[in-house]
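Listed below are the residues making up each chain.
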Amino acid sequence: MARRYSADVYGAEKSEIIAFKQGFHGRTFFTVTVGGQEAYSDGFGPKPGDITHLPYNDVEALRQHVSSRTCAIMMEPLQGEGGIIEPSEEFIQAVREVCHQHNALLIFDEVQTGNGRTGHFYAYQGLGITPDILSTAKSLGGGFPIGAMLTTTKLAEHLKVGTHGSTYGGNPLACAVAEAVVDVVSQPETLAGVAEREALFRQGLAKINDKYPIFSEIRGKGLLLGAALNEQWQGRARDVLVAAGEQGLMVLVAGPNVVRFTPSLVISHQDIAQGLEKLEKAIASLVQ
Ligand SMILES: Cc1ncc(COP(=O)(O)O)c(C=O)c1O
């Protein structure tokens, strides 16, 4: 969409896409290449070109690199797979500002952060800026496969029916499911419940860490939380995942040093308490 818009309005020269190291944007060949981890994009032949990866949260690097050739900046408003990395306020403001300055489009990948995950319906709503294009999927369908791209009316004119498409695009069943999900998740009570549950997780994780100090910090937002392992436990996130599994608890990792928690947005308080108990047992088994 961004490439098409830039080509139409400014010419083919304006095609550079800036993205960020450790970013993850999915597994089509284009999106693995825009993602900032070569492990996902190597080995499939020549890659789509004119994509630059800069360090996340580095305002200086961004200002130095961006130019009139930049077509779009693509980022996660909170890096998920890359380790639950939040953007600094300065970085977010700078990204929006340089996009305006250079007529580049700002694309937020909200596939992981969207649909209530951070306690806002979309994460950008908690950041004080608005992207030009937003991608959303995963929880949009509550488990049913659907992805969607949101943009402004002005930009949408450059991607008309026939310009691009896919066999299952606009599938009526998937759209009906997503509408039902959006109706429930966008309720103020659902969103407020996310912040309430975040507090329970943070308290519980701090308590475990007092007893068995293995985390250096708990980061993230809403119910997209990462417990970063301290110096002594570097590289052992997967061990925690396996030990948790042995207790009947499913957790995730975000890289080798972060244990990730992304429970249901309506998980019961009782399930949180029980899960934290199991996690404590798992960590105890590793420490001992
Ligand atoms: C930010 C982000 N974008 C995209 C995706 C998924 O994309 P795909 O379904 O192409 O693998 C993920 C999955 O984890 C994600 O976290």
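Above this text sits the structure in question.
Position labels on residues start from 1 in each chain and follow its written sequence. Totals for whole chains, interfaces and linings use every residue, but because this is a predicted model, local features are given only for residues with pLDDT of at least 70 and side-chain atom pairs only at 80 or more, for both listing and counting. Side-chain measures here rest on the full set of heavy atoms in the structure, leaving out hydrogens and waters.

A. The pairing of strand S10 (residues 258-261), seen in detail. Burial of the side chains of S10 extends over both faces: Val258 and Arg260 are buried on one face and Val259 and Phe261 on the other. One ladder, built from four bridges, connects strand S8 (residues 224-229) with S10; its direction is antiparallel. Bridge pairing in S10 links Ala227 to Val259. As paired strands, strand S9 (residues 252-253) and S10 are joined by two bridges and run antiparallel to one another. Its bridge partner being in S10, Val253 is matched across the sheet by Val259. A pair of strands is treated as paired once DSSP finds two or more bridges between them. A helix here means a DSSP run of H or I that spans at least four residues, while a strand means a run of E at least two residues long, and both kinds are numbered starting from the N terminus. As consecutive antiparallel partners, S9 and S10 are separated by four residues, and within that stretch Gly255 has a phi angle of approximately 80°, a positive value. Partly exposed residues are those whose accessible area sits between 20% and 50% of the maximum for their type, while under 20% is buried and over 50% is exposed, using a 1.4 Å probe and protein chains only.

B. Highlighting the site of the ligand. Only a single heavy atom is needed: when it lies within 4 Å of a molecule or strand, its residue is near that molecule or strand. Taken together, Phe24, His25, Gly26, Arg27, Glu76, Glu81, Asp109, Val111, Gln112 and Lys138 make up the full set of residues near the ligand. Pairs of N or O atoms are called polar contacts if they sit within 3.5 Å, as long as, within protein, a hydrogen donor faces a hydrogen acceptor (for residues adjacent in sequence, only side-chain-to-side-chain pairs). Measuring from an oxygen atom of the ligand, one finds a side-chain N or O atom of Glu81 at 3.3 Å. Its free accessible area being 400 Å², the ligand has 79% of it covered by the protein chains. When residues are sorted by character, Ala, Val, Leu, Ile, Met, Phe, Trp, Tyr, Cys and Pro go into the nonpolar class, Asp, Glu, Lys and Arg into the charged class, and all the rest, Gly among them, into the polar class. Classifying every residue of the shell around the ligand gives two nonpolar, three polar and five charged. Here the open area of atoms and residues is found with the Shrake-Rupley method and a 1.4 Å probe, where only the protein chains shown may cover a residue.

C. Main features of the side chain of Thr118. With respect to the secondary-structure elements, Thr118 resides in the loop between strand S4 (105-109) and strand S5 (133-136). In contact with Thr118, not counting residues within four places along its chain, are Thr113, Ala123, Val194, Lys221 and Gly222. In this description, contact between two residues means that some pair of their heavy atoms is separated by no more than 4.5 Å.

D. Highlighting the sheet that holds S4. In space, the six strands of this open sheet follow the order S2-S1-S3-S4-S5-S6, with mixed pairing throughout. In this open sheet, the two strands that pair with only one neighbour each are strand S2 (51-54) and strand S6 (148-151). The mean angle between the axes of side-by-side strands here comes to 20°, regardless of whether they run parallel or antiparallel. Alignment of strand S3 (residues 70-75) against S4, held across four bridges, turns out to be parallel. Pairing of Met75 across the sheet is with Phe108, part of S4. The strands that helix H1 (residues 2-9) touches are strand S1 (16-20), S2, S3, S4 and S5; relative to S3, the one it contacts most, it runs at about 160°. Interaxial angles span 0 to 180 degrees and are taken between N-to-C directions of axes, which are lines fitted to C-alpha atoms, for helices over the stretch in contact.

E. Layout of the sheet that holds S8. Strand order in the open sheet made by the four strands is S7-S8-S10-S9, with antiparallel pairing throughout. In this open sheet, the two strands that pair with only one neighbour each are strand S7 (215-221) and S9. Where helix H8 (residues 188-211) meets the sheet, it contacts S7, S8 and S10, and its direction lies at approximately 175° from that of S7.

F. Up close: helix H5 (residues 89-101). The length a helix should cover is 1.5 Å for every residue beyond the first. Between its first and last C-alpha, H5 extends 18 Å over 13 residues, near the 18 Å set by a 1.5 Å rise per residue. Buried within H5 we find Phe91, Ile92, Ala94, Val95, Arg96, Val98 and Cys99. Looking at the packing, one finds that the buried side of H5 touches S1, helix H4 (59-65), S3 and S4. Just downstream of H5, Asn103 is the residue with a positive phi angle, here 50°.

G. Representation of unusual backbone geometry within the structure. Even without glycine at this site, Asn103 takes up a positive phi of about 50°. On the secondary structure map, Asn103 appears in the loop between H5 and S4. Non-glycine residue Asn115 carries a positive phi angle of around 55°. Checked against the element boundaries, Asn115 lands in the loop between S4 and S5. Exposure remark for Asn115: the relative accessible area of 2% places this residue in the buried category.

All we've got here are geometric facts, nothing functional implied.
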